[in-house]
Amino acid sequence: MTITAQAPPELRALDDEDLESLLLVRHFERKLLDLFAAGKLNGTTHTCLGQEYVPVSLNPLLAEDDFVFSNHRGHGHYLARFADPAGLLAEITGREGAVCGGVGGSQHIFRGSYLSTGIQGESLPVAAGAALHFKRNELPLLAAVYIGDGTWGEGSVYEALNIAQLWELPLLVVVENNGISQTTPSAANMAGTVRGRAEAFGVGYHRVTTHDIHRIRAELAPEIERVRHQHQPLVVEFETVRLGPHSKGDDTRPAEVVERARQRDWYGGYRAADPERFDRHDHKVRELIDLVAADVLERPLVSGGVA
Ligand SMILES: Cc1ncc(C[n+]2csc(CCOP(=O)(O)OP(=O)(O)O)c2C)c(N)n1
């Protein structure tokens with residue numbers, strides 16, 4: 001993917017709930033990086049800085065019982081769905097109140113109809129199975145699965161797409177194409193396109209190039225309803241940006257590439273749409289995250305299994 005835009009995206013102001021959802025993910029992950037820097041977290045983490053608008057856009061288009069499968073870069077997917085920074089931070093730090101008893105950490109979260117895995121491509125066949133279950137039981141539900149562009153290097157992606165199309169399964173594949181996989185630019189490891197790969201199986205395809213949440217929802221709402229009710233699998237590819245390193249401190253991109261990504265950040269675009277209101281919510285959410293972190297880090301460690 002070539003990043004072409006130079007100016008902050010022009011975006012229409014959001015309602016309070018969506019704006020705070022975006023800011024919740026942003027400030028949660030900034031806090032994680034601060035905690036790592038202060039030596040208060042260990043292990044690793046993959047932030048979705050720059051990509052937060054993807055799950056926030058999709059959230060109201062998904063039903064509560066639709067099954068969402070997330071990946072290694074999943075904090076935004078979780079927070080957009082559950083708005084639960086304390087449960088997630090407790091999980092990451094292994095403290096009381098952890099969503100999965102502190103054994104899942106950043107990448108392996110299970111809650112209701114939400115499951116994440118750090119293994120690339122692993123969730124596609126499982127999501128196809130969930131979609132088959134929904135179809136067989138005549139439930140108006142779909143399975144949505146987030147993958148990165150680099151995950152098209154996994155054979156399980158193609159096996160799942162093949163079966164989803166053949167068996168007409170309500171499967172939604174959300175591709176967050178940030179143009180890079182760890183340290184390898186997509187152009188260096190992907191022949192052809194995501195569109196071409198979806199179309200090779202006859203699977204529907206939609207490309208999202210805007211960061212405008214209103215537009216994204218308007219574009220995707222009818223398409224997602226077709227997945228849900230007509231069992232037509234769909235690949236939606238978001239042309240997005242990764243602002244931070246792959247995990248921590250492993251950003252090998254030239255400074256100008258990172259700068260171009262920053263220029264496309266939704267943060268500047270939404271701030272420009274209504275600065276006074278934006279700053280008010282920004283401040284409120286920063287304070288909330290500070291309080292959550294102070295509270296969670298005071299909690300006792302869980303001793304394994306049950307929080
Ligand atoms: C099967 C497997 N191979 C390798 C890895 C190590 N790994 C974690 S993330 C990643 C890159 C993923 O790139 P992409 O799918 O583009 O997602 P992004 O990190 O850009 O969000 C790799 C190679 C893994 N988690 N699973």
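Numbering of residues begins from 1 in every chain and follows the order in which that chain's sequence is written. With pLDDT at 70 or above as the cut-off, local features in this predicted model cover only qualifying residues; side-chain atom pairs require 80 or more to be listed or tallied, and sums for whole chains, interfaces and linings still use all residues. Neither water nor hydrogens contribute to the side-chain values; these are computed over all heavy atoms in the structure.

### With respect to the pairing of strand β3 (residues 143–148)
Rules: We call a residue buried when its accessible area falls under 20% of the maximum for its residue type, exposed when it is over 50%, and partly exposed in between, using a 1.4 Å probe and counting protein chains only. For the purposes of this entry, the term helix denotes a DSSP run of H or I that reaches at least four residues, the term strand denotes a run of E that reaches at least two, and both are numbered from the N terminus. If DSSP finds at least two bridges between two strands, the strands pair. Orient the strands so they point away from the viewer; a crossover is then right-handed if the path from the first strand over the helix to the second runs clockwise.
When you tally the buried positions in β3, you get six out of six residues, the bulk of the element. A two-sided burial pattern is seen for β3, the buried positions comprising Ala143, Val145 and Ile147 on one face and Ala144, Tyr146 and Gly148 on the other. One ladder, built from three bridges, connects strand β1 (residues 67–70) with β3; its direction is parallel. What sits directly across from Phe67, in β3, is Ala143. Direction of pairing for β3 relative to strand β4 (residues 171–177): parallel, over a ladder of six bridges. Residue pairing across strands places Ile147 opposite Val175, the latter belonging to β4. Handedness of the β3-helix α6 (residues 155–166)-β4 crossover: right-handed.

### So, the site of the ligand
Note the following rule: Nearness is judged by heavy atoms alone; a residue qualifies as near a molecule or strand once a single heavy atom is within 4 Å of it. Polar contact is the term for a pair of N or O atoms within 3.5 Å; when the atoms are in protein, one must be able to donate a hydrogen and the other to accept it, and sequence-neighboring residues count only if both atoms are side-chain atoms. Gly falls in the polar group here, along with every residue not listed as nonpolar (Ala, Val, Leu, Ile, Met, Phe, Trp, Tyr, Cys, Pro) or charged (Asp, Glu, Lys, Arg).
Looking at the ligand, there are 15 residues lining it, with His72, Arg73, Gly118, Gly150 and Thr151 nearest. Between the ligand and the protein, one listed contact pairs an oxygen atom with a side-chain N or O atom of Arg73 at 2.8 Å. Here Gln120 contributes a backbone N or O atom positioned 3.1 Å from a nitrogen atom of the ligand. For the shell around the ligand, the class distribution of residues is two nonpolar, ten polar and three charged.

### Here we look at the confidence of the model for the protein chain
Using the following cut-off: As a per-residue measure, pLDDT reflects the predictor's confidence and takes values from 0 up to 100. Only heavy atoms enter the contact rule, under which two residues are in contact if any of them lie within 4.5 Å.
The pLDDT averaged across the protein chain works out to 94; a share of 96% of its residues lies at or above 70. The low-confidence segment residues 1–5, where pLDDT is below 50, has 13 contacts with residues more than four positions distant or belonging to other chains.

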